[in-house]
Amino acid sequence: ANPLLFSLIRSTEPYLDLYADYQTSGRLPLDLTEVGFDTIRLTAATGRHFALVAKKSVQGAEGRGERRCSIEDRRGGGGQPDTHL
């Protein structure tokens, strides 16, 4: 561990721990549906990274009624291997 690097990161990214904890909690897709996104797709990009695309319908375009949400998770086993150390 490099103390100088740690100090620099802490001074510029004070909420890094909260961000990392949130990313690993698995709550992101569920939270997106709670704020109104209808379709959420997750796809593996590398062994540790993924791409997320979320769509939100235009208000009133779906009509009035029960809101439907779709979460499609394609991260399992896919993606390119990591190329960095």
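The structure this text deals with has already been given above.
Because the structure is a prediction, the values reported are computed rather than measured.

*Asks:* What exactly am I supposed to notice about the pattern of salt bridges here?
*Replies:* It is possible for side chains of opposite charge to pair when their charged atoms get near one another. Applying the stated criterion to the full structure yields six salt bridges. Between Arg41 and Glu72 there is a salt bridge, with its nearest N and O atoms 3.3 Å apart. Here Arg41 is found in strand E1 (residues 39–44), whereas its partner Glu72 is found in strand E3 (residues 70–74), with 31 residues between them in sequence. For Arg41, a relative accessible area of 38% translates into the label partly exposed. Residue Glu72 is classed as partly exposed on the basis of its relative accessible area of 27%. Asp73 is paired through a salt bridge with Arg75; the nearest N and O atoms lie 2.7 Å apart. Judged by relative accessible area, which is 33%, Arg75 ranks as partly exposed. Through salt bridges that share partners, Arg27, Asp31 and Glu34 make up one connected network.

Cut-offs used in this document
Residues numbered from 1 in each chain as written. Predicted model: local features only at pLDDT ≥ 70, side-chain atom pairs only at ≥ 80, totals over all residues. Heavy atoms only, no water. Salt bridge = Lys/Arg side-chain N within 4 Å of Asp/Glu carboxyl O. Helix = DSSP H or I, 4+ residues; strand = E, 2+ residues; numbered from the N terminus. Buried < 20%, exposed > 50% of the residue type's maximum accessible area, 1.4 Å probe, protein only.

So, to be careful, I would describe these as geometric facts and stop short of saying anything about function.
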